[in-house]
Amino acid sequence: AGTPEKQVRMRANQIWQWVYFWGVRDFADMTNLSKDYRALLADSFVIALPEVISRHVSADGTRKYLVRIAGGHEVETVYIPEEDRGTLCVSSQVGCTLTCSFCHTGTQKLVRNLTAAEIVGQIMLARDDLGEWPEPGKGSGETGPRLLSNIVLMGMGEPLYNFEAVRDAMKIAMDGEGIALSRRRITLSTSGVVPEIARTAEEIGCMLAVSFHATTDEVRNKLVPINRRWNIAELLDALRAYPKLSNSERITFEYVILKGVNDIDDDARRLVNLIRGIPAKINLIPFNEWPGAPYERSDWARIEAFADIVHKAGYASPIRTPRGEDIMAACGQLKSATERARKSRAEIAAEAGLS
């Protein structure tokens with residue numbers, strides 16, 4: 001009490017840097033603060049990360065962390081090393097409300113939103129595991145390329161149904177005196193919560209990816225049921241405005257290829273026509289199977305033919321190499337054991353309108 005505002009700001013800034021830039025968890029180590037002040041902080045506050053319950057490493061180097069948060073709930077966080085980057089796939093909710101029929105995560109009920117601390121905590125615990133906090137006296141980029149260089153909000157949950165917490169966590173990730181990642185290295189993936197898309201551009205400004213997965217409303221209603229609220233036309237209108245609002249280069253369209261559902265040449269041509277005029281990249285994702293899944297992965301030749309049409313239309317169309325399948329860490333496979341509440345194959349098919 002009675003501390004001048006300027007001093008309060010300076011203190012807050014010092015603590016911020018210790019926690020988010022240097023990764024320090026013990027107030028006693030914050031050496032530019034007085035001993036008395038450090039003791040006061042230690043008495044009043046605690047710096048704690050979500051607890052890592054298990055850590056699995058795939059044959060391809062992918063790491064999957066099962067993370068326990070307050071209330072005993074669990075989420076999964078996945079680190080994917082590649083030659084030119086290391087991407088962390090972060091969860092924003094325990095479970096998910098969306099019930100997309102091809103997604104394992106969507107077969108468990110939504111339990112709760114994560115807090116900003118729990119979201120940023122996933123980034124911090126991965127940096128702990130990778131041994132990647134800067135050494136004293138060095139900046140974060142001086143020891144060579146970062147192992148954790150990119151963040152994708154593509155784990156459990158729909159990030160735009162937990163907007164404020166996601167925004168606040170990403171502000172810490174992007175802060176130059178915090179984790180210090182460029183906004184171009186953060187991608188938020190949404191199933192199409194249209195009212196929040198412009199807000200994402202204005203308040204976060206990161207890159208955007210959209211779980212698209214179908215080229216007609218009839219098919220998308222089954223695959224991504226949120227389409228019944230905001231259909232393809234409404235979604236595309238919101239996406240056209242996004243790059244202008246956020247200074248983003250391009251939008252990524254994610255498209256899981258399902259055998260006999262959305263994988264024919266006509267789908268590829270429709271896709272190209274729909275997104276005309278939007279600066280875009282199309283990520284083609286071979287379906288990652290899971291127990292009870294009502295779909296199958298398309299044959300490789302079919303996937304390549306689809307990619308070829310998209311590519312010839314002038315769009316980058318990489319086929320995403322499935323990563324971490326042996327530890328159930330691939331796209332659409334995340335599901336925490338405690339919330340498993342297994343549904344039968346018949347229930348899943350019924351919800352997908354396939355029975």
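Attention here is on the structure that accompanies the text. Treat the numbers as computed from the prediction; the structure is a model and nothing was measured. (Residues numbered from 1 in each chain as written. Predicted model: local features only at pLDDT ≥ 70, side-chain atom pairs only at ≥ 80, totals over all residues. Heavy atoms only, no water.)

Turning to its location among the elements, Asn-150 is positioned in strand β7 (residues 150–153). We classify Asn-150 as buried; its relative accessible area is 8%. Engagement of the side chain of Asn-150 in a polar contact is seen with the side chain of Arg-185, the distance being 2.8 Å. Non-local contacts of Asn-150, meaning those with residues more than four positions away in its chain, are made with Arg-85, Gly-86, Thr-87, Leu-88 and Arg-185. (Helix = DSSP H or I, 4+ residues; strand = E, 2+ residues; numbered from the N terminus. Buried < 20%, exposed > 50% of the residue type's maximum accessible area, 1.4 Å probe, protein only. Polar contact = N/O pair within 3.5 Å; in protein donor to acceptor, adjacent residues only side chain to side chain. Contact = heavy atoms within 4.5 Å.)

Moving on to the environment of Thr-107. Within the secondary structure, Thr-107 is located in the loop between β5 (93–94) and β6 (112–113). Distance in space between the C-alpha atoms of Thr-107 and Thr-97 is 9.1 Å, their sequence separation being 10 residues.

So, about the sheet that holds β7. Pairing is mixed across the open sheet formed by 9 strands, whose spatial order is β1-β2-β3-β4-β7-β8-β9-β10-β11. Of all strands in the sheet, those bounded by a partner on one side alone are β1 (51–57) and β11 (280–286). The mean inter-strand angle of the sheet, taken between neighbouring strand axes irrespective of direction, is 20 degrees. (Pairing = 2+ DSSP bridges. Axes fitted to C-alpha atoms, helices over the stretch in contact; angles between N-to-C directions.)

Moving on, we come to the pattern of salt bridges. Charged atoms that come close allow side chains of opposite charge to pair. With the rule as written, the count across this model stands at 21 salt bridges. Across the pair Arg-112 and Glu-118 runs a salt bridge, and its minimum N-O distance is 2.9 Å. On the basis of relative accessible area, Arg-112 is assigned to the partly exposed category, the value being 23%. Judged by its relative accessible area of 10%, Glu-118 falls in the buried class. Here Arg-199 makes a salt bridge to Glu-164, at a shortest N to O gap of 2.9 Å. A residue pair is termed long-range when its members are at least 10 positions apart, and Arg-199 in helix α5 (residues 194–203) and Glu-164 in helix α4 (residues 163–174) qualify at 35 residues. (Salt bridge = Lys/Arg side-chain N within 4 Å of Asp/Glu carboxyl O.)

Within the element layout of this structure, Thr-190 appears in strand β8 (residues 186–190). Its relative accessible area of 1% is what places Thr-190 among the buried residues. If we skip the residues at most four places from it in the chain, Thr-190 touches Glu-158, Leu-160, Ile-197, Leu-208, Ala-209, Val-210 and Ser-211.

Further remarks concern helix α7 (residues 232–246). Given a rise of 1.5 Å per residue, 15 residues ought to cover 21 Å, and the 21 Å separating the end C-alpha atoms of α7 matches this to within 8%. Of the residues making up α7, those classed as buried are Ile-232, Leu-235, Leu-236, Ala-238, Leu-239, Tyr-242, Pro-243 and Ser-246. Buried-residue contacts for α7 involve α5, β9 (207–211), α6 (217–223), β10 (251–257) and α8 (265–274). Capping of α7 at its N-terminal end is provided by Asn-231; its side-chain oxygen lies 3.2 Å from the backbone amide nitrogen of Ala-233. Count one or two residues on from α7 and you reach Asn-247, which has phi positive near 60 degrees. (Expected span 1.5 Å × (residues − 1).)

As a further point, take the packing of aromatic side chains. Scanning the entire structure with this criterion turns up 5 aromatic pairs. Considering the side-chain rings of Phe-212 and Phe-253, the 5.2 Å spacing of their centres and the 85 degrees angle between planes classify their relative orientation as edge-to-face. Placement of the pair is Phe-212 in the loop between β9 and α6 and Phe-253 in strand β10, with a sequence separation of 41 residues. For the pair Phe-212 and Phe-253, one class covers both residues: buried. Ring centres 5.1 Å apart and planes at 35 degrees place the aromatic pair Tyr-255 and Phe-306 in the tilted group. Placement of Tyr-255 in strand β10 and of Phe-306 in helix α9 (residues 300–312) is noted, with a sequence separation of 51 residues between them. There is no split in this pair, since Tyr-255 and Phe-306 are both buried. Across from the ring centre of Tyr-37, 5.0 Å away, lies the NZ or CZ of Arg-11, which sits over that ring. A cation over an aromatic ring shows up here: Arg-127 above the ring of Trp-133, its NZ or CZ 4.5 Å from the ring centre. (Phe/Tyr/Trp six-rings, centres within 6.5 Å; stacked < 30°, edge-to-face > 60°. Lys NZ or Arg CZ within 6 Å of the ring centre and 35° of its normal.)

With that settled, consider the pairing of β7. Here β7 shows two buried faces, one formed by Asn-150 and Val-152 and the other by Ile-151 and Leu-153. Bridge count between strand β4 (residues 86–89) and β7: 3 bridges; the pairing is parallel. If you follow Cys-89 over to β7, its bridge partner there is Val-152. Sheet topology note: the β7/β8 ladder contains 3 bridges and is parallel. Bridge pairing links Leu-153 to Leu-188 in β8. Between the parallel elements β7 and β8, the chain passes through α4 in a crossover that is right-handed. (Right-handed = clockwise from strand over helix to strand, strands pointing away.)

As a further point, take unusual backbone geometry. We note that Thr-99 has phi near 50 degrees; this positive angle belongs to a residue other than glycine. Within the secondary structure, Thr-99 sits in the loop between β5 and β6. Non-glycine residue Ala-180 carries a positive phi angle of around 60 degrees. Considering the arrangement of structural elements, one finds Ala-180 in the loop between α4 and β8.

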